[in-house]
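Residue strings, one per chain:
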Amino acid sequence: EECGRISLPTPIVHLGDPITASCTISPNCSHLDPESQILWKLGTELQPGKRQRLADGRQEFTITVAHLNSPRVLLSCCLRWGTSLQILDQAEVQAGYPPAAPHNLSCLMNLTTNSLICQWEPGPNNHLSTNFTLKSFKSRGNCQTQEDSIPDCVPNDGQNHCSIPRRHLQLYQNMGIWVQAENALGTSKSPQLCLVPMDVVKLEPPTLWALDPSPEVAPPQPGCLLLRWEPWRPSLYIEQKCELRHQPQPGEASWALVGPLLSQTLQYELCGLLPSTAYALQLRCTRWPLPGHWSDWSPSLTLTTAQQ
Amino acid sequence: EECGRISLPTPIVHLGDPITASCTISPNCSHLDPESQILWKLGTELQPGKRQRLADGRQEFTITVAHLNSPRVLLSCCLRWGTSLQILDQAEVQAGYPPAAPHNLSCLMNLTTNSLICQWEPGPNNHLSTNFTLKSFKSRGNCQTQEDSIPDCVPNDGQNHCSIPRRHLQLYQNMGIWVQAENALGTSKSPQLCLVPMDVVKLEPPTLWALDPSPEVAPPQPGCLLLRWEPWRPSLYIEQKCELRHQPQPGEASWALVGPLLSQTLQYELCGLLPSTAYALQLRCTRWPLPGHWSDWSPSLTLTTAQQ
Amino acid sequence: PGPGSSLPQSFLLKCFEQMRKVQADGTALQERLCATYKLCHPEELVLLGHALGIPQPPLSSCSSQALQLTGCLRQLHGGLFLYQGLLQALAGISPELAPTLDTLQLDISDFAVNIWQQMEELGVAPAVPPTQGTMPTFTSSFQRRAGGVLVTSDLQSFLELAYRALRSFAKP
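Reference entry: report on the structure contained in this document. (Residues numbered from 1 in each chain as written. Chains lettered and ligands numbered in written order. Predicted model: local features only at pLDDT ≥ 70, side-chain atom pairs only at ≥ 80, totals over all residues. Heavy atoms only, no water.)

### Description of the overall build of chain C
For step 1, the next point in the chain: Of the regular secondary structure elements, chain C holds five helices and zero strands.
For step 2, the next point in the chain: If one aligns the C-alpha atoms of chain C with their principal axes, the spans along those axes are about 50 × 30 × 30 Å.
For step 3, the next point in the chain: Counting every position in chain C, which comprises 172 residues, the buried fraction comes to 55%.
For step 4, the next point in the chain: Expressed as a percentage of contacts within chain C between residues at least 6 apart in sequence, the contacts between residues at least 24 apart total 85%.
For step 5, the next point in the chain: Within the structure as shown, chain C displays about 7,000 Å² of accessible surface, and the carbon and sulfur contribution to it stands at 57%.
For step 6, the next point in the chain: Where the 11 positive side-chain charges of chain C centre and where its 13 negative ones centre are 3 Å apart. (Helix = DSSP H or I, 4+ residues; strand = E, 2+ residues; numbered from the N terminus. Buried < 20%, exposed > 50% of the residue type's maximum accessible area, 1.4 Å probe, protein only. Contact = heavy atoms within 4.5 Å. Areas by Shrake-Rupley, 256 points an atom, 1.4 Å probe, with all protein chains shown as cover. Lys, Arg positive; Asp, Glu negative; His and termini not counted. Charge placed at Lys NZ, Arg CZ, Asp CG, Glu CD.)

Put into structure tokens, the structure is as follows:
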């Protein structure tokens with residue numbers, strides 16, 4: 001037969017809130033004589049319980065913790081038995097806060113993985129296990145009305161980003177997106193974004209080459225460099241503009257910017273540079289005139305201008 | 001209505017074997033007049049077909065390839081139609097060999113992943129999609145009789161190793177293990193291993209430290225070094241022996257070996273070395289006296305002996 | 001003003017981008033059908049096309065002789081809707097080609113939605129959305145691959161004509 005059984009109103013409370021637990025001692029607990037003392041162990045601290053006799057003859061010992069100030073407390077109902085303290089039952093009480101609203105939600109359309117990748121900041125630690133879900137729906141207008149729902153995107157454990165696969169997206173239509181955070185004490189929602197996936201496309205960097213002098217291509221003037229570039233191949237169908245930056249090496253001087261430039265150029269002469277000087281050159285592109293994000297800068301190309 | 005349909009006795013044959021295909025032309029194929037010529041396209045090579053009239057009025061054109069010498073052939077049944085050659089049907093014929101018996105099967109018990117990892121060599125390419133399966137059973141004796149079967153271990157695509165998880169293993173019992181290879185033309189089996197998982201345990205390397213002189217520890221004699229080491233923590237329950245190797249730096253001379261040594265030594269004085277010379281030191285351990293595999297050598301520890 | 005001055009610039013820019021994407025997807029599918037199955041020329045599959053009964057959508061209102069905005073948009077949408085159905089009928093073409101086929105279908109459906117919404121904004125959308133007619137049945141993997149060659153080839157010419165029509169609508 002079982003001697004003690006703890007019951008809790010709820011295993012999870014707000015941090016700082018009170019909690020009352022009761023330990024019911026069954027009458028036929030043979031080791032128990034009426035005068036046995038029941039003690040509560042709160043974490044490692046011993047506290048007496050308030051004794052009550054129930055109608056059915058069972059004894060009940062209650063304890064009230066005024067403010068539960070640690071996220072996890074072990075509560076044990078113990079019986080003093082000779083010189084030892086016997087643990088009859090144990091319960092775990094968790095304390096925390098309802099989830100704060102996730103913030104800084106932002107999304108990028110990734111054409112390599114063909115998915116919309118959204119990330120957010122979860123907000124302060126609420127001490128409780130919290131599930132984040134990226135929710136979204138397709139919408140005609142500016143996301144006031146929901147046309148078709150999109151399956152929830154559940155991030156891997158502990159991660160604060162999620163990828164919505166291509167088959168759930170309409171790349172050229174508005175969609176409403178937000179993050180929901182949920183734990184035992186409540187639910188919160190981030191502000192809702194309203195975006196068109198293709199308008200948040202971020203391209204991979206273009207490729208920049210030096211143009212080697214050849215019969216058709218005259219060598220560059222002093223203080224000039226001959227370049228050519230090509231956008232990232234999978235984005236060839238997207239109209240883009242690019243910008244070039246250059247910096248004499250070693251790189252104390254700041255970058256100089258040249259743009260806007262066409263996204264595809266077979267031959268470009270960059271002039272106005274110092275003669276016989278090494279330059280680091282980088283290019284980036286963005287969808288244009290339709291909206292999009294700038295790609296990262298291409299890897300640095302280092303070229304040296306001709307002598308005077 | 002369908003004009004032509006290819007039928008093959010089998011889509012997969014032995015490399016070098018003959019194959020006969022037939023293309024049946026339906027009578028109501030409106031574009032077909034009795035004299036139309038049916039040609040076979042074997043890969044890119046055109047060949048005439050032998051014409052036969054079937055009882056039900058349909059025409060059948062057959063082709064026999066004496067020796068199918070390439071692993072994959074596209075066979076097309078074509079109709080000369082005006083100036084063009086119309087493809088009526090196309091079949092894919094594969095040719096290869098039954099799988100060779102996998103060989104060099106070996107297994108190691110990995111205490112980090114807590115699984116028995118077996119690897120093998122698949123044998124020559126048989127040109128056909130081949131499935132490898134690691135099969136095993138628990139056995140009392142020397143694997144002649146099968147007590148309990150163990151679920152098949154199916155490697156990821158293209159990999160020639162597989163891990164049998166702990167829950168399927170009895171670490172101190174014999175088990176029979178072999179690899180089965182199967183493709184459309186047959187099945188083959190590797191020779192069977194009979195092993196006890198713990199007897200093929202391979203430990204992670206021990207950790208080797210220099211023993212810094214301190215009040216309790218006198219500085220080492222010239223030509224000596226003070227060391228201590230500890231086996232890999234998760235293997236502390238396993239009785240082991242170790243061996244040390246050292247090599248003066250820079251390392252032209254070969255390694256000198258010292259062993260057997262206890263698996264755990266709080267203080268060890270290594271002598272017989274050249275004074276004021278840098279030495280690279282490494283340690284490895286193995287389960288002992290029970291069988292096991294040597295661990296890899298520990299990362300190199302470089303110490304310099306005192307002056308004379 | 002030109003026949004299409006009522007078409008917003010952003011709609012046209014999106015259309016051109018979507019068309020180039022669908023054409024790129026179509027080319028990818030054609031290249032793979034050619035590389036893997038040596039099915040490189042639609043002309044070799046004309047007879048089979050007749051036998052399978054692969055329909056070709058009308059685009060008369062988009063031709064230069066009879067260019068008409070509403071009619072062209074409706075035929076463009078109708079054609080895209082038909083191609084969605086045809087590509088769906090090709091499902092099971094082969095494990096290697098399935099991803100390319102899926103991308104093509106998704107991009108065509110996105111494009112069709114864009115056209116439909118623009119027609120609604122212009123108040124010229126058909127009262128009843130189109131419903132798919134009977135599709136050809138492809139009874140073997142060869143027929144699905146041959147169908148893939150024929151459908152993508154027709155789709156490329158369809159898009160070429162539509163691109164030129166929209167280009168002329170874009171001129172002020």
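Next, the rest of the story.
### A word on the nonpolar core
For step 1, the next point in the chain: Leu80 and Ile115 of chain C are the most contacted members of the largest nonpolar core, which totals 57 residues.
For step 2, the next point in the chain: Put simply, the parts of the chain that give this core at least two residues each are strand 8 (72-81) and strand 9 (84-96) of chain B together with helix 1 (9-37), helix 2 (46-52), helix 3 (69-89), helix 4 (98-122) and helix 5 (141-170) of chain C.
For step 3, the next point in the chain: Top element by residues in this core is helix 5 of chain C. It accounts for 13 residues.
For step 4, the next point in the chain: Not counting residues within four places of it along the chain, the set of residues in contact with Leu80 of chain C comprises Ile108, Phe111, Ala112, Ile115, Phe158 and Leu159 of chain C.
For step 5, the next point in the chain: Residues Cys118, Phe132, Cys153 and Val201 of chain A belong to the second largest nonpolar core, which totals 28 residues. (Core = buried A, V, L, I, M, F, W, Y, C linked by side-chain atoms within 4.5 Å.)

### Here's the deal with the interface of chain A and chain C
For step 1, the next point in the chain: In this complex, chain A contributes 15 residues to the contact, which on the side of chain C involves 15 residues.
For step 2, the next point in the chain: Its largest share of buried area at the contact with chain C, chain A owes to Arg140, Tyr172 and Tyr237 of chain A, together 43% of the area lost on that side.
For step 3, the next point in the chain: Counting across the chain A and chain C interface gives five salt bridges.
For step 4, the next point in the chain: Put simply, chain A and chain C have ten residue pairs in polar contact (both at pLDDT 80 or more) between them.
For step 5, the next point in the chain: Residue classes in the side of chain A that touches chain C are distributed as eight nonpolar, two polar and five charged. (Buried area = accessible area lost by both parts, 1.4 Å probe. Salt bridge = Lys/Arg side-chain N within 4 Å of Asp/Glu carboxyl O. Polar contact = N/O pair within 3.5 Å; in protein donor to acceptor, adjacent residues only side chain to side chain. Nonpolar A, V, L, I, M, F, W, Y, C, P; charged D, E, K, R; others polar.)

### A short note on the pattern of salt bridges
For step 1, the next point in the chain: By the definition in use, this model includes 24 salt bridges over all chains.
For step 2, the next point in the chain: Close ionic contact of Glu120 of chain C with Arg140 of chain A constitutes a salt bridge, the shortest N to O distance being 2.6 Å. Within this pair, whereas Glu120 of chain C is found in helix 4, its partner Arg140 of chain A is found in the loop between strand 12 (131-138) and strand 13 (149-153), the two belonging to separate chains.
For step 3, the next point in the chain: One continuous salt-bridge network, built from bridges that share partners, spans Arg166 of chain A together with Lys21, Asp25, Asp107 and Asp110 of chain C.

### Digging into the interface of chain B and chain C
For step 1, the next point in the chain: Facing 17 residues of chain B, the contacting portion of chain C comprises 17 residues.
For step 2, the next point in the chain: Taken together, both faces of the contact between chain B and chain C bury some 1,500 Å²; the carbon and sulfur share is 53%.
For step 3, the next point in the chain: Of all residues in chain B, Gln86, Ile87 and Gln90 of chain B bury the most surface against chain C, accounting for 34% of the area lost on that side.
For step 4, the next point in the chain: Between the two partners, chain B and chain C, sit one salt bridge.
For step 5, the next point in the chain: A salt bridge links Lys41 of chain B to Glu44 of chain C; the nearest nitrogen and oxygen atoms lie 3.2 Å apart.
For step 6, the next point in the chain: Between the two partners, chain B and chain C, sit eight residue pairs in polar contact (both at pLDDT 80 or more).
For step 7, the next point in the chain: At the level of elements, strand 8 and strand 9 of chain B are the ones that each hand at least two residues to the side of chain B that touches chain C.

### Some points on the sheet that holds strand 5 (residues 45-48) of chain B
All names here are of chain B.
For step 1, the next point in the chain: Reading across the sheet, the five strands line up as 2-9-8-4-5 and stay open at both edges, with mixed pairing between neighbours. Two strands close off the open sheet at either side, each with one partner strand: strand 2 (12-14) and strand 5. When strand polarity is set aside, the average angle formed by the axes of neighbouring strands in this sheet is 35°. (Pairing = 2+ DSSP bridges. Axes fitted to C-alpha atoms, helices over the stretch in contact; angles between N-to-C directions.)

### Concerning the packing of aromatic side chains
For step 1, the next point in the chain: All chains considered together, the criterion is met by eight aromatic pairs over all chains.
For step 2, the next point in the chain: Against the face of Trp255 of chain B rests Arg245 of chain B, its NZ or CZ located 4.1 Å from the ring centre.
For step 3, the next point in the chain: Stacked on the ring of Phe16 of chain C, the Lys or Arg Arg167 of chain C has its end atom at 4.2 Å from the ring centre. (Phe/Tyr/Trp six-rings, centres within 6.5 Å; stacked < 30°, edge-to-face > 60°. Lys NZ or Arg CZ within 6 Å of the ring centre and 35° of its normal.)

### Notes on the packing of helix 1 of chain C against helix 4 of chain C
Residues and elements named next belong to chain C.
For step 1, the next point in the chain: Close contact between helix 1 and helix 4 brings their axes to 9 Å; oriented N to C, the two are set at 160°. With respect to each other, helix 1 and helix 4 are oriented roughly antiparallel. Here the hand of the crossing between helix 1 and helix 4 comes out left-handed. In contact with Phe11, Lys14, Cys15, Gln18, Met19, Lys21, Val22, Asp25, Gly26, Ala28, Leu29 and Arg32 of helix 1, helix 4 contributes Thr100, Leu101, Thr103, Leu104, Asp107, Ile108, Asp110, Phe111, Asn114, Ile115 and Gln118. (Parallel < 35°, antiparallel > 145°, perpendicular 65-115°, else oblique. Left-handed = near helix turned anticlockwise from the far one by under 90°.)

### Quick word on helix 1 of chain C
For step 1, the next point in the chain: Given a rise of 1.5 Å per residue, 29 residues ought to cover 42 Å, and the 42 Å separating the end C-alpha atoms of helix 1 of chain C matches this to within 8%.
For step 2, the next point in the chain: Lys38 of chain C lies just past helix 1 of chain C and shows a positive phi near 55°. (Expected span 1.5 Å × (residues − 1).)

### Quick word on the sheet that holds strand 3 (residues 19-25) of chain A
Residues and elements named next belong to chain A.
For step 1, the next point in the chain: Reading across the sheet, the four strands line up as 1-3-7-6 and stay open at both edges, with antiparallel pairing between neighbours. Two strands bound the open sheet, and with one partner strand each, they are strand 1 (4-7) and strand 6 (50-53). On average, each strand axis in the sheet is tilted by 25° relative to the strand beside it, whichever way the strands run.
For step 2, the next point in the chain: Note: strand 3 against strand 7 (residues 59-65), seven bridges, orientation antiparallel. Within the sheet, the bridge partner assigned to Ser22 lies in strand 7 and is Thr62.

Purely geometric numbers; function is a separate question.
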